[in-house]
Protein chains: 2
Amino acid sequence: MTKYAIGVDFGTESGRAVLVDVADGREVATSVYPYLHGVIDEKLPIPGEEIHLEPDWALQDPQDYVRTFQHTIPNVLKQSKVKPEDVIGIGIDFTACTMLPVKQDGTPLCDLAEFRRQPHAWVKLWKHHAAQPEADKINATARKMDQAWLDRYGGKISSEWFFSKVLQILEEAPEVYAAADRLLEAADWVVWQLTGVETRNSCTAGYKAIWSKREGFPDKAYFKALNPRLENVVDEKMSRDIRPIGDRAGGLTEQAALWTGLKPGTAVAIANVDAHVAVPAASVTETGRMVMIMGTSICHMVLSDAEHVVPGMCGYVEDGIIPGLFGYEAGQSCVGDHFAWFVENCVPASYEGEARKREIDIHQLLEEKAAKLKPGETGLLALDWWNGNRSVLVDVDLTGLLLGATLATRPEEIYRALIEATAYGTRVIVDTFQQNSVPIRELVACGGLPEKNKLLMQIYADVTGREIKVTASTQTPALGSAMFGAVAAGKSAGGYDSIYDAAKTMAHLKAESYKPIPENQKVYEKLFAEYLRLHDYFGRGENNVMKTLKKIKAEVKHVA
Amino acid sequence: MTKYAIGVDFGTESGRAVLVDVADGREVATSVYPYLHGVIDEKLPIPGEEIHLEPDWALQDPQDYVRTFQHTIPNVLKQSKVKPEDVIGIGIDFTACTMLPVKQDGTPLCDLAEFRRQPHAWVKLWKHHAAQPEADKINATARKMDQAWLDRYGGKISSEWFFSKVLQILEEAPEVYAAADRLLEAADWVVWQLTGVETRNSCTAGYKAIWSKREGFPDKAYFKALNPRLENVVDEKMSRDIRPIGDRAGGLTEQAALWTGLKPGTAVAIANVDAHVAVPAASVTETGRMVMIMGTSICHMVLSDAEHVVPGMCGYVEDGIIPGLFGYEAGQSCVGDHFAWFVENCVPASYEGEARKREIDIHQLLEEKAAKLKPGETGLLALDWWNGNRSVLVDVDLTGLLLGATLATRPEEIYRALIEATAYGTRVIVDTFQQNSVPIRELVACGGLPEKNKLLMQIYADVTGREIKVTASTQTPALGSAMFGAVAAGKSAGGYDSIYDAAKTMAHLKAESYKPIPENQKVYEKLFAEYLRLHDYFGRGENNVMKTLKKIKAEVKHVA
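Conventions used here
- Residues numbered from 1 in each chain as written.
- Chains lettered and ligands numbered in written order.
- Predicted model: local features only at pLDDT ≥ 70, side-chain atom pairs only at ≥ 80, totals over all residues.
- Heavy atoms only, no water.
- Helix = DSSP H or I, 4+ residues; strand = E, 2+ residues; numbered from the N terminus.
- Rg over C-alpha atoms; globule rule 2.2 N^0.38 Å.
- Buried < 20%, exposed > 50% of the residue type's maximum accessible area, 1.4 Å probe, protein only.
- Areas by Shrake-Rupley, 256 points an atom, 1.4 Å probe, with all protein chains shown as cover.
- Lys, Arg positive; Asp, Glu negative; His and termini not counted.
- Charge placed at Lys NZ, Arg CZ, Asp CG, Glu CD.
- Pairing = 2+ DSSP bridges.
- Axes fitted to C-alpha atoms, helices over the stretch in contact; angles between N-to-C directions.
- Contact = heavy atoms within 4.5 Å.
- Parallel < 35°, antiparallel > 145°, perpendicular 65-115°, else oblique.
- Left-handed = near helix turned anticlockwise from the far one by under 90°.
- Nonpolar A, V, L, I, M, F, W, Y, C, P; charged D, E, K, R; others polar.
- Polar contact = N/O pair within 3.5 Å; in protein donor to acceptor, adjacent residues only side chain to side chain.
- Least-squares fit on C-alpha atoms with pLDDT ≥ 70 in both.
- Phe/Tyr/Trp six-rings, centres within 6.5 Å; stacked < 30°, edge-to-face > 60°.
- Salt bridge = Lys/Arg side-chain N within 4 Å of Asp/Glu carboxyl O.
- Core = buried A, V, L, I, M, F, W, Y, C linked by side-chain atoms within 4.5 Å.
- Buried area = accessible area lost by both parts, 1.4 Å probe.
- pLDDT = per-residue confidence, 0-100.

### Looking at the overall build of chain A
Here is step 1: Per the secondary structure count, chain A includes 20 helices and 21 strands.
Here is step 2: Rg of the C-alpha trace for chain A: 24 Å, near the compact-globule value of 24 Å for 560 residues, within the 12% margin.
Here is step 3: Overall, the C-alpha framework of chain A stretches about 70 × 60 × 50 Å when taken along its three principal axes.
Here is step 4: Sorting the 560 residues of chain A into buried and exposed places 63% on the buried side.
Here is step 5: If you sum the accessible surface of chain A, you get close to 20,000 Å²; carbon and sulfur atoms cover 49% of it.
Here is step 6: For chain A, the centre of its 61 positive side-chain charges and the centre of its 75 negative side-chain charges are spaced 2 Å apart.

### Considering the sheet that holds strand β19 (residues 400-405) of chain B
Here is step 1: Strand order in this open sheet of four strands is β18(A)-β19(A)-β19(B)-β18(B), and the pairing throughout is antiparallel. Edge positions in the open sheet fall to β18 (381-383) of chain A together with β18 (381-383) of chain B, since each of these has one partner strand only. Neighbour-to-neighbour, the strand axes of this sheet turn through a mean angle of 10°, independent of strand direction.
Here is step 2: Summarising the sheet, β18(B) and β19(B) pair through three bridges and their orientation is antiparallel. Considered in β19(B), the bridge of Leu381(B) is made with Leu403(B).
Here is step 3: Lying over the sheet, helix α19 (residues 518-539) of chain A contacts β18 and β19 (400-405) of chain A together with β19 of chain B, oriented at roughly 35° with respect to β18(A).
Here is step 4: Packed onto the sheet, helix α14 (residues 411-435) of chain B meets β18 and β19 of chain B and runs at close to 55° relative to β18(B).

### Some details on the packing of helix α11 (residues 336-346) of chain A against helix α14 (residues 411-435) of chain A
Residues and elements named next belong to chain A.
Here is step 1: Contact geometry for α11 and α14: axes closest at 10 Å, N-to-C directions at 165°. Between α11 and α14, the angle is such that the two are roughly antiparallel. Like other packed secondary-structure pairs, α11 and α14 cross with a definite hand, here right-handed. Contact with α11, carried on its side by His338, Phe339 and Phe342, involves Pro411, Ile414, Tyr415, Leu418, Ile419 and Thr422 of α14 and no other residues of that element.
Here is step 2: For the contact of α11 with α14, a count of residues per class yields seven nonpolar, two polar and no charged.

### Focus: helix α16 (residues 454-464) of chain A
Here is step 1: Among the eleven residues of α16(A), ten are classified as buried, and the element is accordingly described as predominantly covered.
Here is step 2: Taking the backbone nitrogen of Leu455(A) as reference, a side-chain oxygen 3.3 Å away marks Asn453(A) as the first, capping residue of α16(A).

### Some thoughts on the relation of the copies chain B and chain A
Each of the two copies of the chain can be brought onto the other by a rotation about an axis and a shift along it.
Here is step 1: Once chain B is rotated about the relating axis by 180° and shifted along it by 0.1 Å, it coincides with chain A to within an RMSD of 0.1 Å. Classification of the inter-copy transformation places it as that of a two-fold axis.
Here is step 2: Residue by residue, 100% of the interface of chain B is reproduced at the interface of chain A, so both copies engage with the same surface.

### Remarks on the packing of aromatic side chains
Here is step 1: With the rule as written, the count across this model stands at 46 aromatic pairs over all chains.
Here is step 2: Ring centres of Phe10(A) and Phe94(A) lie 4.7 Å apart, and the angle between their planes is 15°; this geometry places the pair in the stacked category. Here Phe10(A), found in strand β1 (residues 4-10), pairs with Phe94(A), found in strand β5 (residues 87-94); they are 84 residues apart in sequence, far enough to count as distant.
Here is step 3: The exposure class of Phe10(A) is buried, given its relative accessible area of 0%.
Here is step 4: With relative accessibility at 0%, the residue Phe94(A) sits in the buried group.
Here is step 5: Each ring, one from Phe528(B) and one from Tyr531(B), has its centre 6.0 Å from the other, and the planes form 20°; the classification is stacked. You can see Phe528(B) and its partner Tyr531(B) sitting in helix α19 (residues 518-539), three residues apart, about one turn around the helix.

### Some remarks on the pattern of salt bridges
Here is step 1: Taken as a whole and judged by the stated rule, the model has 68 salt bridges over all chains.
Here is step 2: Among the salt bridges present, the one from Glu198(A) reaches Arg200(A), with a minimum N-O distance of 2.7 Å.
Here is step 3: Judged by relative accessible area, which is 25%, Glu198(A) ranks as partly exposed.
Here is step 4: As a salt-bridge pair, Arg416(B) and Glu420(B) come within 3.0 Å of each other at their nearest N and O atoms.

### Here's the deal with the side chain of Thr199(A)
All names here are of chain A.
Here is step 1: Mapping Thr199 onto the fold places it in the loop between α5 (186-195) and β9 (200-201).
Here is step 2: Given a relative accessible area of 4%, Thr199 falls into the buried group.
Here is step 3: Not counting the four nearest positions on each side in its chain, Thr199 is found in contact with Asp188, Val191, Arg243, Ala249 and Ile270.

### Observations concerning the nonpolar core
Here is step 1: Formed by 158 residues in total, the largest nonpolar core has its most connected members in Phe433(A), Phe538(A), Phe433(B) and Phe538(B).
Here is step 2: Sequence-distant contacts of Phe538(B), that is, excluding residues within four places in its chain, are made with Leu403(A), Leu534(A), Phe538(A), Leu383(B), Trp385(B), Leu398(B), Leu401(B), Asn543(B), Val545(B) and Met546(B).

### Focus on the packing of α14(B) against α19(B)
Residue and element names in this part refer to chain B.
Here is step 1: Interhelical geometry of α14 versus α19 gives an angle of 80° and a closest axis separation of 10 Å. By the angle class used here, α14 and α19 are roughly perpendicular. Across the interface between the two elements, Arg416, Glu420, Ala421, Tyr424, Gly425, Arg427, Val428 and Asp431 from α14 touch Tyr524, Glu525, Leu527, Phe528, Tyr531, Leu532 and His535 from α19.
Here is step 2: When the residues that make up the contact of α14 with α19 are grouped by side-chain class, the tally is eight nonpolar, two polar and five charged.

### What to know about unusual backbone geometry
Here is step 1: Here the bond from Ala96(A) into Cys97(A) is cis, since omega is -10°, no more than 30 degrees from zero.
Here is step 2: Position of Cys97(A) relative to the elements: it lies in the loop between β5 and β6 (99-102).
Here is step 3: For the bond from Ser391(B) to Val392(B), the omega torsion is 5°, close enough to zero to count as cis.
Here is step 4: Along the polypeptide, Val392(B) turns up in the loop between β18 and β19.
Here is step 5: With a phi close to 65°, Asp319(B) is a non-glycine residue in the positive phi region.
Here is step 6: With respect to the secondary-structure elements, Asp319(B) resides in the loop between β16 (315-318) and β17 (326-332).

### Some details on the interface of chain B and chain A
Here is step 1: Counting residues at the interface gives 55 residues for chain B, matched by 55 residues for chain A.
Here is step 2: With both sides pooled, the region where chain B packs onto chain A buries about 4,600 Å², and carbon together with sulfur makes up 61% of that total.
Here is step 3: Considering only the side of chain B, the residues that lose the most area to chain A are Asn345(B), Leu407(B) and Leu549(B), jointly responsible for 14% of the buried surface there.
Here is step 4: Scanning the region where chain B abuts chain A turns up two salt bridges.
Here is step 5: Across the salt bridge formed by Lys526(A) and Glu555(B), the nearest N and O atoms sit 3.1 Å from each other.
Here is step 6: Applying the counting criterion to the chain B and chain A interface returns 19 residue pairs in polar contact (both at pLDDT 80 or more).
Here is step 7: Elements with a contribution of two residues or more to the side of chain B that touches chain A: α11 (336-346), α12 (349-357), β19, α19 and α20 (545-559) of chain B.
Here is step 8: Along the lines of polarity and charge, the residues of the side of chain B that touches chain A split into 29 nonpolar, 13 polar and 13 charged.
Here is step 9: Relative to β19(B), β19(A) runs antiparallel, the two being bridged by five bridges. Each bridged residue has a counterpart across the sheet, and for Ala405(A) the counterpart in β19(B) is Gly400(B).

### Quick look at the confidence of the model for chain A
Here is step 1: Of the residues in chain A, 100% reach a pLDDT of 70 or more, and the chain-wide mean stands at 96.
Here is step 2: Listed scores for the predicted complex are pTM 0.92 and ipTM 0.91.

### Quick notes on the sheet that holds β17(B)
Residue and element names in this part refer to chain B.
Here is step 1: If you trace the six strands from one edge of the open sheet to the other, you get β16-β17-β15-β14-β20-β21, paired in mixed fashion. Both outer strands of the open sheet, β16 and β21 (468-470), are each paired with one neighbouring strand and no more. Geometrically, the sheet is characterised by an average inter-axis angle of 25° between neighbouring strands, direction not taken into account.
Here is step 2: In this fold helix α10 (residues 274-281) packs onto β14 (288-294), β15 (298-304), β17 and β20 (440-446), with an angle of close to 55° to the strand it touches most, β15.
Here is step 3: On top of the sheet, α14 reaches β14, β15, β17 and β20; it is set at about 155° to β17, its chief contact.

Printed below as a string of C-alpha cells:
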C-alpha cells in the first residue's frame, strides 16, 4: 500500500506544497500559491486606506499562510488522485526569522479590528530590516554584560532576528507588545493552525532566538538591561519548552482537515526552516558533508558531533538541523544577486543583441563565453562583497572590489571573475570550518543555481578542491518537509522512525557530480592566495576604505 | 598688410595644415590629409606581396608625409585665397619618437628597391612597441654603468624611444643599420625635405634620445656596452649639432615650393613635437602653469627656470619646449580611452536605448546622469590604471581597480568614479611637481576632452584645487607650429623675434574657466587621501597582486 507525505514550503512570495511517495521520495504533485499580499513594504493592504510603511519595513499577512494550505493541499490531492487516508503526515518549513504577535488563542493581532491599522501588529518578514537600532542595542548590551552566547553567533546578532524584532515592537508600539499574549515564529504559528497546539521548534529558537539546548535563553537580567518590560519576555510571551526537529507536533484538527481535504488526526511535524530542512533532503544526515543552498545568496549547512566555536559563522545549534547533532550555518549574501546585478548594469547592448539573435538567455551567453577562458586567463580578481560579507567577516559595510582590469578586459571576463570571487568566498568558509574542527570532505548543492550554471559548479569544485554532488530534487525544502512529515507519522503508520531512515530512501543525488580538475586547482591555489590577502587587508581592519567611503556617502547624502 | 603662417601637425592617422593670421592667431583655413597607408601594423603596403609584421610593430610610409605637404598646403591657400608671398613661415610638429633610416641625401631606405621588402627600413611609428627587449637592455646597462642621465627620465627609458628603436634595427637587421647613413626623427626628416638641410631639434633629442644641452648624449663607452657596433652611432649616423626650438631651419627649396605652392625661401622652423608645441599655443611661455593635452591620454607639460629631479616624470629638457627654460613632461596613459572602454564594454542596452531615443551621444547621457551625483555620493573609488601608469609610478604592469560597488551601484556611478580616478591621477602629478620645486598654480587644458565633457573639467578643478583655463583653439599643435613658423620668419618679415612675443598675440584662452568649488574640494580631499593610500599600496610594491595576476595570465596562456 503506497503511502504519501506532504511538505509545505513557505517562501517569501509564495507557498508551495509537494506530495511525495514515502517509499522512495518520488515527487508526485506540486502546487504553488502566490500570496495575495506578497511582501508588504509600501503600505498596509487595507482597501481605501493609506497607511504607509517606513523604509526597510517588510510585512506579511498571516492569512496568506492559511490560504496556502487551503489552495495547495487540495490541489496536489486532486492532481495526484491520492486518497486522503494514504497521506500519513505533513511537514512545513518557513523563512526565518518571520514572526508575529498573537492572542492566547493564536489570533494574530493584525486580524483584530483595534490593531489592523498598526503595522507592528502584522507579521514581520525575515527581510524586515528596520530593527537595526535594536540589534545594535542587543549587541552592545551583550558585549557589556559579557554574554557567552555571543560566541555561538559569530559575535553578532542580526537585525533580522527574533529579539531585534521583539524589541522594536516594544519600543515603538508598547501597546502592541502589551496586547500580544504570545510572540512566535510564523513557522510555529502555521503548525499551531494545523494542530490546535502551540509548539516551538529548536531550529528557529536556536538560530534566531538565542536559545541553546544546554543553556536555554539569555537570563532575565540581560533582557531587563535591554528594557525593563522585556525582563520576563520568555516566560510571559514565549516558551521554554523547545521541541527538537523531527518530533510530532500533533494531529490535524477538524478545521484544518476541512481546509486541506486531509483526514483529521493526520500527523504534523514540528516546524522547520527552509534552508535547514533542505539538509536531509540533500541526503546529508552525517558529519563531513556541507550542503550549499545556492540561489540569490548561499546558505552553507554542516553537521558536527561536537560543539566548536567557529569564527564568523551565522550560528550553531544542537538539534538545529538533525536531532542529536550540532548544526552549523554560514552564508554568503550575494551570489545569484551578483550576476543579476551584473547583467542588468554592465552587459553591453551588443551582447544582448547576440543573445536575442541566438535565442538564448543572456546568462547562458555569458557562461558560454566565460567557459572558453582558462583559470587565471582574465587577469582579474574580485572581492564578492557587493552585498557585504556574511561569513566569515560578518560585516554588512564591506563592499565589492574588482582588480586587474585593462583596456582589453571583456564583459565575460568580469562575469567569470565575479563567479570565481563567490567561489573564493565559499572556500574561505570551508577552510574556516576545517581549521576549527568541523571537517568538510564533500559538498552537496541544491537550489536554483546548480541547475543553471555548470561553469559555476566546476569553478566551485576547482576552487574548494572538493567534489560537489547535486540533489536530484529541485524543490529540496518541500521534499525535506515531507520527509519530516513521514517521520512525524512514524514507522507504524507507514512512515519512518527517524529522519536518518527517511533520508536513506527518500533523498537522492544526481549521478553526475563536479570533480576538481587538478590543473585548474593549481592555478586557483595561487589566485586564492591573492584573494585571501585582499580579503584580510580590506576585511579585517588594515584598510577601512570601504567603510570610509560609506561614511562619506552618508554624510554627503545627509547634507543634501 | 596681413601676414600668415602655416602650421603642419603630423598625427598618427593623418596630417593637418592650418593657415593662421600672424597678427592675432586667427585660424583662417584648415586641411586634413588622411595618410594613404595610415598605420602599417599587419603587412607592408607592397601590392601583390604578403610581407607580414610581427605583433607590436607599427610602421609608416615617409611618402605619406610628403603627400601631406602636397595636399594640405595648396588646399589652405585655395580656401583662404591668401597669396603665397603673404605666407611668411612654416612650422611643423610630429608624433615622437617616430624615426627612420635614410641615405646621406635623405632618401628613406624603404624607398630603395633593395630594402623595400625589409620592415626595418620603414618609418617606425611612436607606438611601435616591439623594441621592449632592447629598452630592457638599455635600462639594465644604464643601471649597471650608473648612468646619471637615467634620473632625468624618471629612472626608465621607454621602448618607444629613439635608441630602443635604433638598437632593434641593429640587432635584427644589421644590414639596414649598416646601410643607414643617417638615423633621425621623422620630424627632422620632413623639415629636411622642405629646406634641403638636415637639422636636429632639441625637443626630440632631449625627450626621446637621451640628449641634454649641458651633457650631450651618453658617452661612447655606454653605447659600446649595448653593442660594439653602436659605439659611434652619434657621430656616424646622427649629429651633435642640436638646434633649439624656435630657430629657423632654413628656407623652402624650389622643389618644396612646387609641392606646396609657396614661395621658395619661405622660412621653415626647426621641428617640434605635437604635445610640446601646444604649450605656447595654450598661451604658456612661463613657469607655474601646467598645460594638459587631454584626449585618449593626457600629456602634462610645465616649465621651470631650474633643473630639478622630479620622480616618475617622462623627462625634462632644457630648451625642450620654450627656449631658455626647462620643459618637464608627465603623462597619464588612459583617460579618453578609459571612457571609450567603459561605453563599449559596460553600458547596458537600456542606456543605449535611452540615448538613441533622446538622440544624444551615450557619453552625453552618462555625463548628464553622473552630473546629478555629488562628490562622494557613489561610494566608489577607482585606480585609473586600465593602461598601466605612466606618471608617477612609470609601470605598464599596473592594472585597473574599482572598489565600493554594491547591488545598488549604477553605470553612471561607475562612469563618474572613472572620471574621478583620472582626476586623482592628475592630482598626484601636480602634487609631485609641486613637492619637487616645480610649482603649479594654474592648469590650461587643450585637446578633445575639454570640449566634450564639462563635468570632467569641473571634477579636475575640484580635485586639483586649481582653476582650469581652456584654449580657444581646438587645434593647438597646428597653431603652435604656425607660431614657430612666424618666429622663424622673424619680426623684420612681419613675424616675431621670439615665441614669447608670438604667444602674446597669437595664443588665446576661452573667457570661461573651471574654478574649484570649495564644498566639493572638501569631499575630494578625503577621497583623494583614500586614493593615495591605494595608489601607494598597489603601486609601490607593498602588494604586487596586479603583477602576480599578469604573470599567472601569461603562464596560463603560454601553456595553451
